[in-house]
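Structural characterization, general
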Amino acid sequence: MLKGLINRFSKDKPETTEPVIIPRSEHSISRKQISPNALKVLYRLRDAGFDAFLVGGCVRDLLLGRRPKDFDLATNAKPEEVRRLFKNCRLIGKRFRLAHILFGPEIIEVATFRTHHENATETQHGHMHQGMIIRDNVFGSIEDDARRRDFSINALYYNIADFTVLDYTNAMDDIKHRRLRIIGDPEKRFHEDPVRLIRAARFAGKLNLTISPETETPLKELSYLLQNVSPARLFQEVLKFFEEGALLNTFHLFRKYKLVEQLFPETAGSLTHENALKLIEDALSNTDQRLKEGKTVSPAFLFSIFLWHPIQAHATQEAAKGLPLYVAFEKAIYLVMKKQIDRLSIPRKLQVTIRDICFLQHRFTQRFGSRPYRVLEHQRYRAGYDLLMLRATAGEPVKDLYDWWTEFHDADPTVREKMIKSAAKATPGKKPRRSRKFSKPRMPRPENTAN
Ligand code: ATP
Ligand code: MG
C-alpha cells in the first residue's frame, strides 16, 4: 500500500498539468459529423452525472478532416455503472473491462479512464516482461488516460458537456503541423509495447503525417523488439494495414523502418529483385485505387502477392534438385507458409486460399488435355489470374502466358480446343501422349496353336 502511494507520487510521474481547453469556436468538430448513436451514449452518460468524451481515432480523424471509422468514448463511469445505464450493453475484455453499447451493426465502445502501469500500485499494476506491459487494467483520471495513450494526436478528448476539446499532450500543435509524436520518452514507450512501431508507420502512412524526429530516431533501430510480440497481434496489425488505405505509402515506411523484415521475413529477402518489388508496389497501388472506389480488398490476394516471390524462388531450387514441378511448388508453398505463420498467425482458411492462388500460377502453365478447363472453374481463378497479370506487368517472363489465358477465357469452344492443341506442345513438364496413329504396332497375339 505504502509502496503504491510512493509510486503514485514518485518523480517519474509527470506532474499534474491542466489541459489546454480548445473552445467550440476554435476547433472544427461539429455534432453533425458524430454518429447519432455515439451522441446518444454521450448524452445519457452526461445526464447521469458522469464525464463523457469522444476520444482517440475519431477525434483525430475529425480534426484532420477525415471521416472516422468508428466512435470510441471515454468516461469516469465504471463498466458496471455504464451497464446499468444501457439495456443494449455488453461488458467485454479480460485484461481491461470495456463496455460495448450495441446499436444494430454499430458498436459504441465505452472505456473507463485508465492509468499507465507506472502510476498503479504494486498489486494493481500488471507484470512487466523485458520492459513490455503484460497487463494494463487500472482505472485512473482523465489525465492518466491521456498519458498512457500512444501518440499525442490519439489523446484528444471531445467533451460533450461543453463541446470543447481537451489537450493534455500538446496534440493540437501536432494536428496543425500534421506531425506524429509519441507521448513521453520514445524509447521507453516503444519498449513497453513494440506494436507502437507498426502503429507509427501505419498512422504516418495512412494519414500522411511526418514523424517527429524524437519519435523517428528510436523507431529506426527498435524493429527487432517485434520478435517479442505474439503472431496473433501482428496478424491483426497486418490486416489493418491491408484494409485501411494508403497501402503503398505505408509499405514504403515499413521498408524504411525495417518492419518488413519482422512481418514478412521471407519477402524482405526478395525485395532486392526488381520484379518482386514492382509486383508488390503495383498490387498495393491497385488496392489503394480499389479502396478509393469503395471496393473491398482481399487479404488472401495481398498475402499471395507478398509471398509469391519467395515461393517461386524455393520452387525453382526444389525443381533444380530434380523434383517434378508440381511437387516443387507444393513444397515451396509449404516451406514459405510455415516460416510466415511463425510471424503472423494467418488463420487456416486464409492459408488455404493463399496456397490456391499461388499454386494456380503453376497450373496456368499446364495447358493440355482438360486442365485449362478445370483451372477456369477453380474458385480462385480470378485472383490467380490477377496475380498472373501483375507478374507480367512487373517484368516476369509470363506475358505470353497471360495473353493466352486472357484469350482463352473469352474464346468459343472450337477456338479453345485449337489453343490447347498449339499450347500443349510448348507446355513444360508435359509427357506428350502418343497419338494412336503413330503408336508402336502392338505385338501380334500368339497364334492359337492348340489345334
Ligand atoms: P483507427 O482509426 O486505425 O482505429 P485508432 O487511433 O482509433 O485508429 P485503435 O487501435 O482503435 O486506433 O485504438 C484506439 C485508441 O487507443 C488510440 O487512438 C490510442 O489512443 C489508444 N491505443 C491503441 N493502441 C495503443 C497502444 N498500443 N498503446 C497506447 N495506446 C493505444
Ligand atoms: Mg479505432
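Reading the values: rules and limits
Residues numbered from 1 in each chain as written. Chains lettered and ligands numbered in written order. Predicted model: local features only at pLDDT ≥ 70, side-chain atom pairs only at ≥ 80, totals over all residues. Heavy atoms only, no water. Helix = DSSP H or I, 4+ residues; strand = E, 2+ residues; numbered from the N terminus. Buried < 20%, exposed > 50% of the residue type's maximum accessible area, 1.4 Å probe, protein only. Contact = heavy atoms within 4.5 Å. Areas by Shrake-Rupley, 256 points an atom, 1.4 Å probe, with all protein chains shown as cover. Near = heavy atom within 4 Å. Polar contact = N/O pair within 3.5 Å; in protein donor to acceptor, adjacent residues only side chain to side chain. Nonpolar A, V, L, I, M, F, W, Y, C, P; charged D, E, K, R; others polar. Salt bridge = Lys/Arg side-chain N within 4 Å of Asp/Glu carboxyl O. Pairing = 2+ DSSP bridges. Axes fitted to C-alpha atoms, helices over the stretch in contact; angles between N-to-C directions. pLDDT = per-residue confidence, 0-100. Expected span 1.5 Å × (residues − 1). Core = buried A, V, L, I, M, F, W, Y, C linked by side-chain atoms within 4.5 Å. Domains from an automatic or database assignment.

So, the overall build of the protein
Helix and strand counts for the protein stand at 21 helices and 12 strands. For the protein, with 451 residues in total, the buried portion stands at 51%. Counting contacts in the protein only where the partners sit at least 6 residues apart, residues at least 24 apart contribute 69% of the total. Surface exposure of the protein reaches about 24,100 Å², of which carbon and sulfur atoms provide 52%.

What to know about the site of ligand 1
Taken together, 16 residues lie around ligand 1, and Arg60, Arg149, Asp193, Arg196 and Arg199 are the ones closest in. Asparagine 154 places a main-chain nitrogen or oxygen 3.1 Å from an oxygen atom of ligand 1. Here an oxygen atom of ligand 1 and a side-chain polar atom of lysine 206 are 3.0 Å apart. Within the complex, 82% of the 580 Å² of free accessible area of ligand 1 lies under protein. Looking at the shell around ligand 1, the elements with two or more residues in it are α3 (57–63), α8 (195–207) and α10 (231–243). It is α8 that contributes the most residues to the shell around ligand 1, four residues altogether. Residues of the shell around ligand 1, tallied by class, amount to one nonpolar, three polar and 12 charged.

Let's talk about helix α9 (residues 213–221)
Within α9, the full set of buried residues consists of Thr215, Glu216, Pro218 and Leu219. Each element contacted by the buried residues of α9 is listed here: β11 (179–180), α7 (186–192), α8, β12 (210–211) and α11 (247–256).

What about the pattern of salt bridges?
Under the criterion given, the structure shown has 27 salt bridges. The salt bridge partner of arginine 355 is aspartate 356, with a shortest N-O separation of 3.1 Å. Judged by relative accessible area, which is 27%, arginine 355 ranks as partly exposed. The residue arginine 382 makes a salt bridge to aspartate 386 at a minimum N-O spacing of 3.3 Å.

Thoughts on the side chain of glutamine 262
Inspection of the secondary structure puts glutamine 262 in helix α12 (residues 260–263). In contact with glutamine 262, other than residues within four places in its own chain, are Ser223, Tyr224, Leu226, Gln227 and Arg343.

Points about the sheet that holds strand β2 (residues 52–55)
Strand order in the open sheet formed by eight strands is β1-β10-β9-β2-β3-β6-β5-β4, and the pairing between neighbours is mixed. Where the open sheet ends on each side, the last strands, each with one partner, are β1 (20–22) and β4 (89–92). Strand-to-strand twist across the sheet, computed as the mean angle between neighbouring axes with direction ignored, equals 30 degrees. Relative to strand β10 (residues 165–167), β1 runs antiparallel, the two sharing three bridges. From the neighbouring strand, isoleucine 22 faces β10, where its bridge partner is valine 165.

So, the pairing of strand β5 (residues 98–103)
Most of β5 sits out of view: five of its six residues are buried. Here four bridges tie β4 to β5, and the two strands are oriented antiparallel to one another. By the bridge assignment for β5, leucine 91 is matched with alanine 99. Summarising the sheet, β5 and strand β6 (residues 106–112) pair through five bridges and their orientation is antiparallel. From the neighbouring strand, alanine 99 faces β6, where its bridge partner is valine 110.

Focus on the confidence of the model for the protein
Per-residue confidence for the protein averages 89 on the pLDDT scale, and 86% of its residues sit at or above 70. Throughout residues 434–444 the model reports pLDDT below 50, and contacts reaching past four residues in sequence, or to other chains, amount to one contact.

Focus on helix α14 (residues 274–292)
Taking 1.5 Å per residue as the helical rise, α14 with its 19 residues ought to reach 27 Å, and the 27 Å between its terminal C-alpha atoms agrees with that figure. Buried within α14 we find Ala276, Leu277, Leu279, Ile280, Asp282, Ala283, Leu284, Thr287 and Asp288. At its buried positions, α14 is contacted by α10, α11, α13 (265–270), α15 (299–320) and α19 (381–393). Directly after α14, the chain includes glycine 294, whose backbone phi takes a positive value near 80 degrees.

Topic: the nonpolar core
The biggest cluster of nonpolar side chains holds 103 residues, and the ones touching the most others in it are Leu45, Leu54 and Phe303. Taken domain by domain, this core gets at least three of its residues from each of domain 1 (1–177) and domain 2 (286–426). Among the nonpolar cores identified, the runner-up in size contains 18 residues, and Leu376, Tyr385, Leu401 and Trp404 belong to it.

Thoughts on unusual backbone geometry
Despite not being glycine, arginine 178 shows a phi value in the positive range, around 45 degrees. Residue arginine 178 is classed as partly exposed on the basis of its relative accessible area of 32%. For alanine 246, which is not glycine, the phi torsion reads 55 degrees and is therefore positive.

Some points on the side chain of threonine 267
Within the secondary structure, threonine 267 sits in helix α13. Given the relative accessible area of 0%, threonine 267 is considered buried. There is a polar contact of 2.8 Å between the side chain of threonine 267 and the backbone oxygen of phenylalanine 306. Beyond its immediate sequence surroundings of up to four residues, threonine 267 is in contact with Ile280, Phe306, Leu307 and Pro310.

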